[in-house]
Amino acid sequence: MATELGTETSSSTRARALALYRLMSKIHHGDKRVRKGLSSGEIAMSYWPVDGQEAMSAGAALALSDADQLVTTYRGLGDVLAKGVDLPGYFGEILGRSSGLSKGKAGAMGIYDPAHGIAWTTGIVGAGPLIANGIALAAARRKTGQVVLVSFGDGATSIGYVHEAMNMAALWALPVVFFCQNNAWAECTSYDRYTRTAQLSDRAAGYGMPGATVDGTDPHAVYEAVSAAVGRARAGDGPSFVEATAYRLQGHYFGDAMAYADPDELAAKRGDPPFARYRAGLLAAEVASATELDGMDAEISAEIDAAFTSAVESAPPEPAELKRDVFACNGSELAAGGVHANIPSGESEELGLVQAIHRTLDRAMAADDSILLLGEDIGDASGGGMFKVTAGLSAKYGEDRVLDTPIAESSIIGAAVGASLAGLRPVAELMFMDFLGVAMDQIANHAAKVRYMSGGRKGAPLVIRTMVGTGAGPQHSQAFEAWAMHTPGLKVVWPSTAADAAGLLNACLAENDPCLFIESMKLYYGGGKGPVPVADYVIPLGQADVKRTGGDVTICTYGAMVHTALEAAQRLEKEGVSVEVVDLRTLVPLDLATVVTSVRKTTRLVVAHESVGFCGPGAEIAAAVGSELFGTLSTPIQRVAASYTPVPRAGTLEAACRPDAEQLIEAIGRIV
Ligand SMILES: Cc1ncc(C[n+]2csc(CCOP(=O)(O)OP(=O)(O)O)c2C)c(N)n1
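Residues numbered from 1 in each chain as written. Predicted model: local features only at pLDDT ≥ 70, side-chain atom pairs only at ≥ 80, totals over all residues. Heavy atoms only, no water.

For the record, the criterion: UniProt positions are given in the numbering used here, feature names are shortened, and annotations may be inferred rather than shown by experiment.
Per an unreviewed UniProt entry, the protein chain carries the name 3-methyl-2-oxobutanoate dehydrogenase subunit beta and comes from Mycolicibacterium vanbaalenii. The Function (unreviewed entry) field of the UniProt record for the protein chain holds the comment "Component of the branched-chain alpha-ketoacid dehydrogenase (BCKADH) complex, that catalyzes the overall conversion of branched-chain alpha-ketoacids to acyl-CoA and CO(2)." According to UniProt, the comment filed for the protein chain under the heading Subunit (unreviewed entry) is "Heteromer of E1 alpha (BkdA) and beta (BkdB) subunits. Part of the BCKADH complex, consisting of multiple copies of BkdA/BkdB (E1), BkdC (E2) and Lpd (E3)."

Okay, here's the thing in C-alpha cells:
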C-alpha cells in the first residue's frame, strides 16, 4: 500500500481512511488465519499474535514509501503484511516450507524480503535498532532518500542495545524512525513492573531526538506521528522515537492463556478490539458502506487464504538444504583444498604488522568506495586509533568513511551488519578481543546468520578487526578465536606476518561473508615485521602455509605462536630434530589438508595456540588429524596451549600461562 518515494502518501482523507482499513484488514485476517490453523491442528509452529496491534503496523506502513526499509521482530506479521511482503513466501517461511522466502530456514523470526523493503527481522529482543542504523547509514551515504523504520516492543526498551542505537542514530543524524509498539506487555511482565519511566517516549529527549506517544489503536494517529518522523528523517534532520500504545489481546505466544493479566481488564480490551472499532467508526462517519468494507474484507481474506493454503501444501525443504547457505557458494568449515597461492615475488618493502594493515586498508578504500571503517578513536580527530592502524585515513577519505563511534561495541557491529545488508563493505574495529563478548549477539546471532537466515540470498560482507593483547591482565589479553570458530557462518583469520596480513586482509575485503580478522599486539611490537611485496595481492582464505619444512614432527599453529614455533624448531635443529611448522593462517575455513599432508610425512603432531587449551581449537585439530591418520601417527598428538586460567597481569604469571618455546620443546621431547 505504500506509495512512490517523495509523493503524497494519500490524496484524500477518505482514500487514506480506506487505505488504513485495507491494511488493518490484511493484518487482522492474516493473524486470524494463522491462529485458526494452529487451533485446528492444521499447522504447528511458534507464533506471536498481533491481535490488537493492527493499527500500529498499518499506520506506520502507510507513512513509508515502497523504497523505505523496515526492520522488525518475531511479532512481525502485521509489520510485514502491511509493508507488502510476498504472501506465499511469507507463509511458507513461517511454516518452515521450501517455498518460504528463506526456504524455511529462518521462520517467523527471520523474515527477509528486500524486494518489498523488508530489510531484516530478528528474534533477539532489541537487536533490530542497531542494524537499522547501519541500513540508514548506507542510505545516507548513498543519498537514496530512504528512511528505515525499526519496529520493536516496549519490553525491548529495557535492553542496552536500544539505548546505544538511539544515541548513535542521533549523533549521526541517521534517517531512522524508532517505532515502539507498546502493547502493555514485555512477554508476561506488565509495564509498571519493569520501568519507572512515565512514558517511553520521554527517553527520546535524553538522546537528542523528538519523541511522541500516540494512541496505537487509532491508525490515523499512528500514521500522522510516523509521517512526521519520516519527513524529518528524509529531510536529513535525523531520527525520532514514536511510541504507539495499545493492548495485546492474545498471549505472548499462541497457547499462552495470559493467566498473568487482570481478567476484567483483558475482557474489556477484548470487547473493544481496535479493528472492529475502526470499522464501526468508518461506518458511523459514512466514510464507507458495510458492503464496501465487506467486499474489501472478502477479497483480502481470499488472498490470505490462498497464500496460506499454498504454503501448507508446499513441501518441506530437502535434507540436503541443511548444509547449504552457511557461506557463499555453499562453502563449509573446511577449506576445499587445491593449489596454494604464493606471495608475489618482486619488489618489497619492510613493513610491520600495523603498517601492512594500514597500507591494505588505504589501498582498498581508494579502490572501492563501498568500504568504510567504524571503530572507537579510529579517526584522526581521535588520534587515528589506539595503535595508529587507521592514522591518516579519515583525513584522506573523509569522516563519513572513517567513522569514530561512541564506545558501544554492539552499535559498531550492528551498524556494520546493517550497512553490509544495504550493500556496503564495512570494516569494524573492536579494540581488544576481550570486547568480543560485548558485541557477541551482533556477531553470532546476526552477522554470522545473515546468509543462512536469508536462505542464501544475502551475506553480510563485513570484516571485524580485533586484537589480542598482552601484558594487560585478565580483561585485555584474551584470545577467543574458539568462540568464533564455534559459530557457523563466521570466517576466522589470524596472520603471523605482515606479508600474510596484507594478503589475508585483502581476501577478507573481497569476501561475501563476515570475517573476523585477528591481530596480535605482540606482533605490532615488531614480531610480525618483514618484507611485504609492493604489488597488491590476495592470499585466499583456507590456505595454510608451511613456514618451515622438517621431517620429524609437525607443529601446527597460527598467529604470534608461529614465531614461538619457529624459535623452538631452530633450537631443536641443533639437537638433530627436524621440525615442520604449519601456519594455519585461516582457522575457518580450516586447511586440514595441509596439516594432514605434513603429519603424514612426519607422523608426529604438536598443536599449539596461545588461547586456553581446554576445549580450544587444538582439540578440534587433534581430533580431526587423529581420525584421519590413526594408523599413520607414530605417537600421541600433543597439545600446547594456555593454562585454564585468566591471563594474569603479573609478567611472571602471564609467561607461565602462555605457551612458550620451552613448552613446545618439552612436548616434542615427549614424542621424538
Ligand atoms: C535478548 C532477548 N532476551 C529475551 C528474549 C525472550 N523474549 C522473546 S519475546 C520477549 C518479550 C519482548 O517484549 P517486547 O519487547 O515488549 O515485545 P513484544 O513481544 O511485546 O512484541 C522476550 C523476553 C529474546 N528473544 N531476546
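Some points on the pairing of strand β13 (residues 463-468)
Quick note on the threshold: Each residue is placed in one exposure class: buried if its accessible area under a 1.4 Å probe, protein chains only, is under 20% of its type's maximum, exposed if it is over 50%, and partly exposed if it falls in between. Only runs of H or I of at least four residues qualify as helices and only runs of E of at least two qualify as strands under DSSP, and these elements are numbered from the N terminus. Note: two strands are recorded as paired if DSSP finds a minimum of 2 bridges between them.
Of all 6 residues in β13, 6 are buried, a share of seventy percent or more. Pairing analysis gives 4 bridges linking strand β12 (residues 425-430) to β13, with the strands arranged parallel. Of the residues in β13, the one forming a bridge with leucine 430 is threonine 466. By the bridge criterion, 6 bridges tie β13 to strand β15 (residues 515-520) in an arrangement that is parallel. By the bridge assignment for β15, arginine 465 is matched with phenylalanine 517.

Brief notes about the pattern of salt bridges
Let me state the cut-off plainly: By salt bridge we mean one thing: a side-chain nitrogen of Lys or Arg within 4 Å of a carboxyl oxygen of Asp or Glu.
For the structure shown, the criterion picks out 35 salt bridges. Notably, a salt bridge pairs arginine 14 with glutamate 292, separated by 2.8 Å at the nearest N-O pair. With a gap of 278 residues between them, arginine 14 in helix α1 (residues 13-40) and glutamate 292 in helix α10 (residues 290-313) connect regions that are remote in the sequence. For arginine 14, a relative accessible area of 41% translates into the label partly exposed. Across the pair aspartate 500 and lysine 547 runs a salt bridge whose closest N-O atoms are separated by 2.6 Å. Within this pair, whereas aspartate 500 is found in helix α17 (residues 498-510), its partner lysine 547 is found in strand β17 (residues 545-548), the two being separated by 47 residues in sequence. Taking relative accessible area as the criterion, aspartate 500 reaches 1% and is therefore assigned buried. Relative accessible area serves as the criterion here: at 24%, lysine 547 is assigned to the partly exposed category. In the salt-bridge network here, residues are joined through shared partners; they are Lys103, Lys105, Glu321, Arg324 and Asp325.

What to know about the site of the ligand
Convention followed: The near set for a molecule or strand comprises every residue that places at least one heavy atom within 4 Å of it. In the analysis that follows, any N or O atom pair within 3.5 Å is treated as a polar contact, provided that within protein one partner can donate a hydrogen and the other can accept it, and provided that, for residues neighboring in sequence, both atoms belong to side chains. Accessible surface is estimated by sampling points in the Shrake-Rupley manner with a 1.4 Å probe; for residues, cover comes only from the protein chains shown.
In the vicinity of the ligand there are 15 residues, among which Tyr74, Arg75, Gly155, Ala156 and Asn183 approach most closely. At a separation of 3.1 Å, a nitrogen atom of the ligand approaches a polar backbone atom of valine 125. Note that an oxygen atom of the ligand is positioned 3.1 Å from one of the backbone N or O atoms of tryptophan 185. Calculation on the ligand without its partners gives an accessible area of 580 Å², and the protein chains cover 72% of this total.

Digging into the domain arrangement of the protein chain
What counts, and what does not: Start and end points for every domain follow an automatic or database-based domain assignment. Here, residues are in contact when the closest pair of their heavy atoms is within 4.5 Å. Summed over both partners, buried area is the accessible surface (1.4 Å probe) that two parts give up on being assembled.
Considered domain by domain, the protein chain is made up of domain 1 (13-315), domain 2 (348-533) and domain 3 (546-671). One C-alpha centre belongs to domain 1, the other to domain 2, and the line joining them spans 34 Å. Opposite the 31 residues of domain 1 that make contact, domain 2 presents 35 residues. Of the roughly 2600 Å² buried where domain 1 meets domain 2, counting both sides, 65% is carbon and sulfur surface. For domain 1, the biggest contributors to the area lost against domain 2 are Tyr112, Trp120 and Arg141; these three give 24% of the whole. With a shortest N-O distance of 3.6 Å, arginine 141 and aspartate 400 are connected by a salt bridge. Joining domain 1 to domain 2, the criterion identifies 12 residue pairs in polar contact (both at pLDDT 80 or more). At the level of secondary structure, the elements contributing two or more residues to the side of domain 1 that touches domain 2 comprise β2 (118-122), α5 (128-142) and α6 (160-171).

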